[in-house]
Amino acid sequence: MKKIKKLPLLIVCIATAIVSITGCQKSGINSLMQTKTTRADIQNKSLLMQKDSLVSTPFGYKKKSQVHFLPSGHELTESNGRLLEKDSKTKQTINDFGVINANSGATITNNNLAVTKSAVVPGLGTGWITDAVWNNTNTANPISKFITTWVVPDAPVNNDNQTIYIFNGMQDGVSATSHILQPVLQWGPSNAGGGNYWAATNWYGSGQGSTANYFYGTLVTVSAGTSLQGVMTMTAQNGSLYSYNSSFSGFPANSSMTVNNVPQLTYAFETLEAYGVQYSLDYPMTYEVPMTNIQILLNSGVNAPIQWTAENRVTDIGQHTVIVNNNSPNGEVDIYIRNHYVMPITVTMPSSASLHAVVVGITPAYSGFPGANLTFTSTSTQNYTTYNSTDTYNIQVTTVTQRCHVTLNGQTQDTQGGHTYASFNNISLSGSGPLQISVTPF
């Protein structure tokens, strides 16, 4: 039997060390390679998420890849169950957006009608806020035209990246709808553009869930006080399929939207919608938006027998809809953005040749809300419209030429003639009123 010689202990240690070092190096390289691969995966995933991030639309937050700009001179046509973008003149297909799946299980309630809270605390309700709806159940006599006029409201005081939508619109249903057409006024950002200003364009949504697609025209900037007229017109009928155009009267054609061969749009809406609203001052300062001169014509040429129903989904600052009348033409539905309160202000003052007038200046202590100057030349009562009965107000009473004692809520201050004034701060206007101001010359 051959004797095996033992290796010196030093050699064994060196060999073990070399193996250990080599193993560590290999493990380190593998670890580094794994780290690089992981980072690349993360970067690719990040790019993919960025490409398909959620964007604001009047249909709710949607994947960017499903929201498209419809260029001027193009129209949308449904053909053999697919949604196509075509050249309006040549009818050549420009884009094929795939199969329209209206039965994916998604419903309008799960999309833009959903009422949720803004992710930012305190956060107000988001989604469809308040609206009026009417459904034309006489489908043998479809809606041929739907017109509404409204005025662009004042701008919000706060800019919190919120988006406000106001529109009249038509849909083919409310529980499993797949087609929505709207001339839309917006404040804030959407996938169509926008920012801290008012702008308007037309939108169309088709399909549901992962097969849905949403389209918009060129966004047109508008100013507060501008009168808008949203018009939707049925342009053709082909059996059970219908074609429509949506536009704002007097706007460039590139902001309009034409859709062909879609189901009959039977529902009419007047709507306030909002996303990302955190505070009441994120809404327009206007307390109501009257939707006026409403006319819904049927295909037979007669005016529709409208019976509006108000739907108040979010009321956290008093939002609600009032049906003024069901007329067509000259119908009116008022959308209230916030509550308002009328506070009578009574000034008691003597007849005096030297006391020409009393001016009551009212400024909300909560900055942002508008104030008012009320001028009194005799004992009388005037109304001041407030936006919140729980706010407090700073009131400045000016006596023109005559020195006077001015008393308000048990407090008395003196004016020194000329155009000097007495100031009363943090006055509550809650209650039924009137707020009493007594002016006595001395």
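About the thresholds
- Residues numbered from 1 in each chain as written.
- Predicted model: local features only at pLDDT ≥ 70, side-chain atom pairs only at ≥ 80, totals over all residues.
- Heavy atoms only, no water.
- Helix = DSSP H or I, 4+ residues; strand = E, 2+ residues; numbered from the N terminus.
- Buried < 20%, exposed > 50% of the residue type's maximum accessible area, 1.4 Å probe, protein only.
- Contact = heavy atoms within 4.5 Å.
- Polar contact = N/O pair within 3.5 Å; in protein donor to acceptor, adjacent residues only side chain to side chain.
- Salt bridge = Lys/Arg side-chain N within 4 Å of Asp/Glu carboxyl O.
- Pairing = 2+ DSSP bridges.
- Axes fitted to C-alpha atoms, helices over the stretch in contact; angles between N-to-C directions.
- Core = buried A, V, L, I, M, F, W, Y, C linked by side-chain atoms within 4.5 Å.

Colleague: Help me out: how do you make sense of unusual backbone geometry in this one?
Modeller: Omega for the peptide link from Ser-328 to Pro-329 comes to 5°, which places this bond in the cis form. Looking at the secondary structure, you find Pro-329 in the loop between β21 (320–325) and β22 (331–336). One non-glycine residue with positive phi stands out, namely Asn-161, at about 65°. Tracing the backbone through its elements, the reader meets Asn-161 in the loop between β9 (143–151) and β10 (163–171). You can call Asn-161 exposed: its relative accessible area is 61%.

Colleague: Is there a simple way to explain the environment of Gln-237 in this structure?
Modeller: Mapping Gln-237 onto the fold places it in strand β15 (residues 227–238). When the C-alpha atoms of Gln-237 and Val-262 are compared, they prove to be 9.4 Å apart, with 25 residues separating the residues in sequence. With sequence-adjacent residues up to four places away left out, Gln-237 is seen in contact with Pro-142, Tyr-242 and Asn-299. A distance of 3.1 Å separates the side chain of Gln-237 from the backbone oxygen of Gly-239, its partner in a polar contact. Engagement of the side chain of Gln-237 in a polar contact is seen with the side chain of Tyr-242, the distance being 3.2 Å.

Colleague: Could you clarify how one ought to interpret the pattern of salt bridges in this entry?
Modeller: Oppositely charged side chains are able to pair whenever their charged atoms sit close together. Using the criterion set out here, one finds four salt bridges in the structure. Here Asp-96 ties to Arg-82 by a salt bridge, and the two come within 2.9 Å at their closest N and O atoms. Of this pair, Asp-96 sits in strand β6 (residues 93–99) while Arg-82 is found in strand β5 (residues 82–87), placing the two residues 14 residues apart along the sequence. With a relative accessible area of 41%, Asp-96 lands in the partly exposed category. Ionic pairing is found between Asp-131 and Arg-313, a salt bridge with its closest N-O pair at 2.8 Å. Of this pair, Asp-131 sits in strand β8 (residues 125–135) while Arg-313 sits in the loop between β20 (309–312) and β21; the two residues are 182 residues apart in sequence, bridging distant segments of the chain. Sharing partners across several salt bridges, the network here consists of Asp-131, Glu-311 and Arg-313.

Colleague: Looking at this structure, how should I read the environment of Met-343?
Modeller: Position of Met-343 among the secondary structure elements: in strand β23 (residues 341–348). Given a relative accessible area of 5%, Met-343 falls into the buried group. Sequence separation of Met-343 and Gly-433 is 90 residues, and the distance between their C-alpha atoms is 6.1 Å.

Colleague: So what exactly am I meant to see when it comes to the sheet that holds β9 here?
Modeller: Sheet strands associate in pairs through backbone hydrogen bonding, adopting either a parallel or an antiparallel arrangement. The strand order across the open sheet formed by 10 strands is β6-β5-β4-β17-β16-β15-β9-β19-β22-β21, and the pairing between neighbours is mixed. Whereas interior strands pair on both sides, the edge strands pair on one side only; in this sheet they are β6 and β21. Strand-to-strand, the axes of this sheet are offset by a mean angle of 20°, without reference to chain direction. Pairing of β15 with strand β16 (residues 241–248) involves eight bridges; the strand directions are antiparallel. Residue pairing for β16: Gln-237 is matched across the bridge by Tyr-242.

Colleague: Can you help me understand the nonpolar core in this one?
Modeller: For soluble globular proteins, nonpolar side chains are generally found buried alongside one another. Ranked by internal contacts, the top residues of the largest apolar core, which has 54 residues, are Leu-76, Ile-166, Leu-185, Tyr-244, Tyr-283, Ile-296 and Trp-308. Counting residues per element, this core draws most heavily on strand β19 (residues 288–298), at five residues. Other than its neighbours up to four places away in sequence, Leu-185 contacts Trp-150, Val-152, Pro-153, Ile-164, Tyr-165, Ile-166, Trp-198, Ala-199, Ala-200, Val-222, Leu-228 and Phe-248. By size, the runner-up hydrophobic cluster in this structure holds 24 residues, among which are Leu-374, Tyr-393, Phe-424 and Val-439.

Colleague: Even after reading the chapter, I still don't get the side chain of Thr-77, so can you show me in this structure?
Modeller: Relative to the elements of secondary structure, Thr-77 occurs in strand β4 (residues 74–79). Residue classification places Thr-77 among the buried residues on the basis of a relative accessible area of 8%. In this structure the side chain of Thr-77 is engaged in a polar contact, spanning 3.1 Å, whose partner is the side chain of Asn-260.

Colleague: Before we go on, may I ask you to explain the side chain of Asn-260 in this structure?
Modeller: Tracing the chain through its elements places Asn-260 in strand β17 (residues 257–262). Given a relative accessible area of 12%, Asn-260 falls into the buried group. Separated by 3.1 Å, the side chains of Asn-260 and Glu-75 make a polar contact. In this structure the side chain of Asn-260 is engaged in a polar contact, spanning 3.3 Å, whose partner is the side chain of Ser-243. Ignoring sequence-local partners within four residues, the contact set of Asn-260 consists of Glu-75, Leu-76, Thr-77, Glu-78, Tyr-242 and Ser-243.

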